[in-house]
Amino acid sequence: INYMKVAQVLGRGVEGAGITRYVIELAAYLKKSGIDFKVYVVDDKKWGRGKFQNMPDYEYITKDNIDTFADDVLNKFDYVFIHSVPSTKHSQWAQDGFLKIMKDLKTKKIIFQNDHKIASIHRNANFFEICQLCDGIVSFSATSPFFNKLVQLFGEDIRDRYIPLINGFNFDNLVQYRKKEHYKKITYLGRFATFKQPERLFAFLPYAKENNLHLEMKGVERSLGALHIFYDDIGKKIRKHDIIEVNKKSIENGILPADHKDRSLKHIYIWGPYEYEDGMETLSSSLVGADFYHLNADAYGNSIEYAMCEIIGVGCVPMFDYHWAENTWVFEKGKQTDKKYIDLDTYGLFLKKDLSNVKELVEKINDIYSNKALHKKYLDCSLEVTRNHCDINYIYADLIENIAKVEKAKIVKPKSLF
């Protein structure tokens with residue numbers, strides 16, 4: 001496999017979210033394995049979050065070179081990994097030029113589909129046509145809404161191109177953040193997305209004062225989808241009474257007490273996008289890290305989100321979605337075990353979507369906070385199990401092996417949907 005030459009291509013640019021993280025982790029593995037690779041980025045849109053992560057060096061695909069880029073550059077590689085494609089909001093030259101690249105590629109093309117929701121997939125320009133031109137389709141599940149849509153368009157045979165996607169993660173980079181002492185605090189980490197449901201944190205507010213439990217969100221900005229987190233009445237622009245927005249201006253106005261324990265217990269403190277180191281530092285001081293990643297049962301594909309890995313890596317007790325834990329198998333050395341996450345006694349706390357077990361979880365948090373041995377059990381179990389589940393050496397070795405078996409696909413004409 002070392003003879004492989006791989007081009008990693010980001011058609012949307014460097015967004016600074018999960019796909020960027022995936023490219024970074026995979027590039028680190030390719031480098032470590034002696035696989036020759038280069039990264040190419042379409043230079044159309046710039047993302048604010050893009051500079052917050054440590055991307056490998058890359059070269060730009062520009063308006064001037066895009067038309068001949070396949071022949072001039074990419075056809076010299078054995079494999080082209082398409083990690084993202086331009087969105088429908090990108091410039092027309094990027095959308096058309098990228099499709100031309102895909103049609104001109106003679107080498108093996110592998111597309112990575114890291115999105116969970118069919119709505120976000122529809123925001124990709126020419127996406128289904130691009131998938132159909134690819135020889136391998138790496139995705140979380142062969143029964144997801146995305147894959148079912150491909151089957152509807154191109155027939156059952158397209159499932160043969162499926163390659164399982166599991167997020168690989170290197171936990172060694174986070175050891176430096178792990179703390180001996182933690183604040184009695186729950187930190188929701190990550191951007192707003194409807195399937196991550198940060199608003200579940202509000203259910204803990206009624207218990208915060210009597211249990212001396214601090215609450216915060218790190219990474220939630222006031223985007224359209226997140227307005228209900230910031231306003232009691234969106235139409236009338238009535239601010240939420242139980243949050244404190246933390247930004248440069250509010251810090252200058254003394255909204256954040258110097259001593260952590262002087263923070264209000266009647267409010268959730270909310271920070272917007274964060275730089276990676278700063279986010280990990282904040283998170284690592286908390287007893288509990290929360291991510292409520294929730295999908296349909298057949299869409300998880302036994303994957304763990306990066307924010308979930310980060311929560312565990314920096315030494316927080318994880319608080320995840322109950323439904324995820326019921327529907328995700330534990331993996332070890334790249335293979336499925338006979339246990340699901342819900343079966344593990346000291347892995348983490350699992351919050352039900354209907355919020356019916358909040359009180360019970362608050363009691364567990366109190367137990368963990370007051371019992372050092374129990375706290376250690378949770379931290380050791382979650383780290384060991386997740387590290388085994390996401391072990392880069394197994395996950396990416398499997399991925400590369402599966403990709404190496406890929407045959408050139410026969411192109412199927414789509415069925416008319418009308």
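Here is a short report on the structure shown in this document. (Residues numbered from 1 in each chain as written. Predicted model: local features only at pLDDT ≥ 70, side-chain atom pairs only at ≥ 80, totals over all residues. Heavy atoms only, no water.)

1. Things to note about the environment of isoleucine 110
- Residue position: isoleucine 110 is located in strand β5 (residues 108-113).
- Looking at isoleucine 110, the relative accessible area reads 0%, which means it is buried.
- Along the backbone, isoleucine 110 and threonine 68 are 42 residues apart, and their C-alpha atoms lie at a distance of 20 Å.
- Every residue in contact with isoleucine 110, bar those within four places of it in the chain, is listed here: Tyr79, Val80, Phe81, Ile82, Gly136, Val138, Ile403 and Val406. (Helix = DSSP H or I, 4+ residues; strand = E, 2+ residues; numbered from the N terminus. Buried < 20%, exposed > 50% of the residue type's maximum accessible area, 1.4 Å probe, protein only. Contact = heavy atoms within 4.5 Å.)

2. What to know about the sheet that holds strand β14 (residues 286-290)
- The parallel open sheet is built from seven strands, whose spatial order is β12-β13-β9-β8-β14-β15-β18. Two strands bound the open sheet, and with one partner strand each, they are β12 (243-246) and β18 (349-351). Strand after strand, the sheet turns through a mean of 25° between neighbouring axes, direction not considered.
- Pairing analysis gives five bridges linking strand β8 (residues 183-189) to strand β9 (residues 214-218), with the strands arranged parallel. Bridge pairing in β9 places lysine 185 opposite histidine 214. (Pairing = 2+ DSSP bridges. Axes fitted to C-alpha atoms, helices over the stretch in contact; angles between N-to-C directions.)

3. Structural notes on the packing of aromatic side chains
- Summed over the entire model, instances satisfying the criterion amount to 20 aromatic pairs.
- Judged by centre distance (5.7 Å) and plane angle (50°), the ring pair of tyrosine 29 and tyrosine 396 falls under tilted. Linking tyrosine 29 in helix α1 (residues 18-32) with tyrosine 396 in helix α15 (residues 392-404), this pair joins segments that are 367 residues apart in sequence.
- Seen from their ring centres, tyrosine 40 and phenylalanine 77 are 6.0 Å apart, and the 80° between their planes marks the pair as edge-to-face. Here phenylalanine 77 lies in the loop between α2 (69-72) and β4 (79-84) and tyrosine 40 lies in strand β2 (residues 36-42), a separation of 37 residues in the sequence. Here the two residues tyrosine 40 and phenylalanine 77 agree in accessibility, since each one is buried.
- One aromatic cluster in this structure is built from Tyr22, Tyr29, Phe81, Phe112 and Tyr396. (Phe/Tyr/Trp six-rings, centres within 6.5 Å; stacked < 30°, edge-to-face > 60°.)

4. Looking at the pattern of salt bridges
- Tallied over the full model, the rule gives 21 salt bridges.
- Between arginine 263 and glutamate 216 there is a salt bridge, with the nearest N and O atoms lying 2.9 Å from each other. Taken together, the residues span a long stretch of sequence, with arginine 263 in the loop between α9 (248-252) and β13 (268-271) and glutamate 216 in strand β9 at a distance of 47 residues. This pair shows no difference in class: arginine 263 is buried, exactly as glutamate 216 is.
- Note that lysine 218 is salt-bridged to aspartate 278, the shortest N-O span being 3.2 Å. Of the two residues, lysine 218 sits in strand β9 while aspartate 278 sits in helix α10 (residues 276-284), which places them 60 residues apart along the sequence.
- One network of salt bridges, with partners in common, ties together Lys185, Glu216 and Arg263. (Salt bridge = Lys/Arg side-chain N within 4 Å of Asp/Glu carboxyl O.)

5. Focus on the sheet that holds strand β6 (residues 136-139)
- Judged by pairing direction, the sheet is parallel, and its seven strands sit side by side in the order β3-β2-β1-β4-β5-β6-β7 without closing on themselves. Taken across any chain shown, the strands that pair with only one partner, and hence form the sheet edges, are β3 (59-61) and β7 (162-164). Looking at each pair of strands side by side, their axes are set apart by 30° on average, direction ignored.
- As judged from the four bridges shared by β5 and β6, these two strands associate in the parallel manner. The residue of β6 that forms the bridge with phenylalanine 112 is valine 138.
- The sheet strands contacting α15 are β4, β5, β6 and β7, and the helix crosses β7 at an angle near 165°.

6. Remarks on the side chain of serine 303
- Looking at where serine 303 falls in the secondary structure, it is placed in the loop between β14 and α11 (306-313).
- Judged by relative accessible area, which is 1%, serine 303 ranks as buried.
- At 3.4 Å, the side chain of serine 303 and the backbone nitrogen of asparagine 167 are in polar contact. (Polar contact = N/O pair within 3.5 Å; in protein donor to acceptor, adjacent residues only side chain to side chain.)

7. Describing unusual backbone geometry
- For lysine 333, which is not glycine, the phi torsion reads 50° and is therefore positive.
- With respect to the helices and strands, the residue lysine 333 is situated in the loop between β16 (329-332) and β17 (335-340).
- The class of lysine 333 is exposed, set by a relative accessible area of 52%.
- Positive phi values are uncommon outside glycine, yet leucine 355 reaches one of about 65°.
- With respect to the secondary-structure elements, leucine 355 resides in the loop between β18 and α13 (358-370).
- For leucine 355, a relative accessible area of 32% puts it in the partly exposed group.

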